[in-house]
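Geometric and topological summary
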Amino acid sequence: MITTLKSELNPQQYEAVTTIDRPLLIIAGAGSGKTRVITQRIAYMLSRGVHQQHILALTFTNKAAREMQDRVKAITGKRLTQLTVSTFHAFGVQILRSYSQRLGYRDHFSIYDTVDQVSLLKETAREISFRLEEEDPKTILGLFSDLRTGRRVWDADTERYHHLFTDYRSHLKLYNSVDFDDLILLPIELFENHADILEAVRGRYRYILVDEFQDTSTKQYMFIKYIADGNRNICVVGDDDQSIYSWRGANFGNISQYEKDYPELLEVRLEQNYRSTTTILEAANGVIRNNTNRKDKHLWTGDDSGTAIEVYYPNDEREEAAFIAERIAETRLKDHLKYEDFGVLIRTNALSRAIEEAFLAANLPYRITGGTSFFDRKEIRDCISYMRLAANHDDDMSLLRILNTPRRGIGRKTLEGLTDVARSRNCSLFSAIHLVCRPEDSSMNDRVKRDLTGFTDLIERYRERFLKSKRDLAAALTELVAEVDYWAYIVSEHQTNEKIAKWKYRNIELFIESLRNWERDPDNLDPGLFQWLNRISLQGRDDNQNETDSGQINLMTIHAAKGLEHEMVFLAGVEDGIIPHRRAIEEDPANIEEERRLFYVALTRAKRKLMITSCRTRSVMREISTMEPSPFLQEIPAHLMTAHEPSAPIQTNEAVDYFSLVRARLNNR
DNA sequence: GTTCCGTTTTTTTTT
DNA sequence: AAAACGGAAC
């Protein structure tokens, strides 16, 4: 095995893979075989007798975690069920799940996403009469997050939120729920206050690998450092040029902190790019060179120069999308590529719409990752809320969602009454319902009591049903949906549009189907209500259709594309205001550097061929605006690009046919 | 007290 | 275009 390794890897890679007895810092430029090194390193450790359960590999996105897991399995040919490859947040959940009682949480907590957090914030504000008008709840939540993670301290400007903050936190606790920050902060708290837990965790995870280290936040680093300090065997891999999550607290200063914390470390630099042609690499270097705050690197490639980057200026986003679809169809046949060899990258999720429509019209199979996901649709959130409330009766945000959905005749006044009881008794709404429904309590009339009891009975019955079901949650959920007659509810909500009603119902069916696939999967060793809820709260992403090579075009945001590569990459919407994004610049002009890194990441996803499109006009919030090409385009050395001549404009009657075709397809989904 | 209907607002990136 | 909100109708 060692000889094979030596011939397959360059000297730096080899050193990184085979050094497994001390801290390691791998500075890995784009396309330098970073993922390969990590996966080979895990395989190497296994071959040297390290037990899989002692290895912990952390990544940033679920996509990256899945990819890494798959690749390690492919290299070793083993199932590796004890190996932990996970995102930071999922790993945090794993720790919390074992020890949450020590922090005063009851058996199974709910995980609140942004939507839940916003409604909780609004609810809290209402209770303490904090005037939320004119304020953006998300900004306030961002502030709370900054305060908790130490990125900001209480001062004169923020003091007025103090009460709101305290109440928000205590509500969350009362509801036996945690938010995303908690998934990192609470484990730290556990480690700080419970030596036995820290010891147990250190005993289990003795070899630690962290991918995309430049994107870790200060607290995430602290989290992992607690564990790593047990055995001082940690390997981090990062590239400051690819730090694109600072808006979420990523701190690439962690790299220098790491050097201080582990002075005995070995630093390995991977600077040979194996991914892209010289043209693409030169273009990327030309761009990133304009950033001031970076470690200088000497990325090089032995590859040939490849073909020029093509830049095309369509008139609007429809033309852009049609162009991309056409080029993919054409290139696939001409260059014998597969659909999955194409990546279409966009700055914002909103940009996907026109492109999706064009793919549907052209009958091209595609897969979209990220974005307002399936799991954010109202009907799906409702289903999830039923399940969450069954799992955790104290989850008030879920209860509020479904208490009167479908309509049960429980309205504002009843709810106000319940809220008052809950507040005065310091209990959840579910417990408040039990209190007011006692025969001796006369605060509610009998009809209301009957409706409320009907609701709690339903939830309690299905809790039993869900917990008892062995690999058949799907059937239980189907029953639940039927029992509450969600179908009738949808129909009555959409009396004017039967198609929408059908489509929503279909979504529920798809949701149940994905649940069934998940629990029937033989590789899934531990299916159950809580596991399912964990899973979907941490990755409201596309349901796991045959992951990597499913023969589909990959459409995604640049953020989601990090760590991936494609033979041919289309970069759409390369316009000023989109990349760099207007809001990012408005927020702080210094953000231009992060936007540039984002552009750099996008460029370096391409292996052989890169196409850039920049629309002349675009509909932005139902207005047509004139767009200018992104200033970043100027930073690519001109000799690497050729302008693509626009094809003949689409004839009017042709365009009409095209629209009706698209419409028909969308409706049939 | 609950439901319906018209008006307003929304779009940066992810766990 | 769709969801979220707030006021009027039932």
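Scroll up for the structure.
Once that is clear, we can look at the side chain of T216. Structurally, T216 can be placed in the loop between β6 (207-210) and α11 (218-231). T216 sits in the buried class, given a relative accessible area of 1%. If near-sequence neighbours (up to four positions away) are discounted, T216 is found in contact with F60, F88, V210, G249, A250, N251 and N254.

This part is about the nonpolar core. In this structure, F466 and F511 are the most contacted members of the largest nonpolar core, which totals 54 residues. Looking at this core, the element that brings in the most residues is helix α16 (residues 378-391), giving eight residues. Excluding anything up to four places from it in sequence, F511 contacts F374, F375, I380, C383, I384, M387, L477, W532 and I536. Counting residues in hydrophobic clusters, the runner-up holds 40 residues, among them L96, V178, F191 and I224.

Another aspect to go through is the pairing of β6. Here β6 shows two buried faces, one formed by Y207 and L209 and the other by I208 and V210. When strand β2 (residues 55-59) meets β6, the two strands line up parallel, connected through four bridges. The partner of L58 across the bridge, within β6, is V210. Bridge count between β6 and strand β7 (residues 234-238): three bridges; the pairing is parallel. Within β7, the residue paired with V210 across the bridge is V236.

Moving on: the packing of aromatic side chains. Considering all chains together, one arrives at 23 aromatic pairs under this definition. Aromatic pair F91 and Y205: ring centres 5.2 Å apart, planes at 85°, arrangement edge-to-face. Residue F91 is found in helix α5 (residues 88-99), and its partner Y205 is found in the loop between α10 (195-204) and β6; the two are separated by 114 residues along the sequence. The same class applies to F91 as to Y205, namely buried. Between F213 and Y221 the ring centres are 5.7 Å apart and the planes differ by 80°, which places this aromatic pair in the edge-to-face class. The class for F213 is buried, based on a relative accessible area of 1%. One aromatic cluster is present, built from ring pairs that chain together F91, F191, Y205, F223 and Y226. Above the plane of the ring of Y105 lies K173, whose end atom (NZ or CZ) is 5.0 Å from the centre.

Turning next to the pattern of salt bridges. Per the counting criterion, the structure on display carries 55 salt bridges. D296 serves as the salt-bridge partner of R294, at 3.3 Å between the closest nitrogen and oxygen. The class for D296 is exposed, based on a relative accessible area of 52%. Residues K413 and E416 are paired through a salt bridge, measuring 3.9 Å at the closest nitrogen-oxygen approach. Remark: E416 and K413 occur in helix α18 (residues 412-425); sequence separation between them is three residues, near one turn of the helix. Taking the relative accessible area as the measure of exposure, K413 reaches 63% and is therefore exposed. Judged by its relative accessible area of 35%, E416 is partly exposed. Through salt bridges with shared partners, one network takes in D239, D240, D241, R294, D296 and K297.

Conventions and cut-offs
- Residues numbered from 1 in each chain as written.
- Chains lettered and ligands numbered in written order.
- Predicted model: local features only at pLDDT ≥ 70, side-chain atom pairs only at ≥ 80, totals over all residues.
- Heavy atoms only, no water.
- Helix = DSSP H or I, 4+ residues; strand = E, 2+ residues; numbered from the N terminus.
- Buried < 20%, exposed > 50% of the residue type's maximum accessible area, 1.4 Å probe, protein only.
- Contact = heavy atoms within 4.5 Å.
- Core = buried A, V, L, I, M, F, W, Y, C linked by side-chain atoms within 4.5 Å.
- Pairing = 2+ DSSP bridges.
- Phe/Tyr/Trp six-rings, centres within 6.5 Å; stacked < 30°, edge-to-face > 60°.
- Lys NZ or Arg CZ within 6 Å of the ring centre and 35° of its normal.
- Salt bridge = Lys/Arg side-chain N within 4 Å of Asp/Glu carboxyl O.

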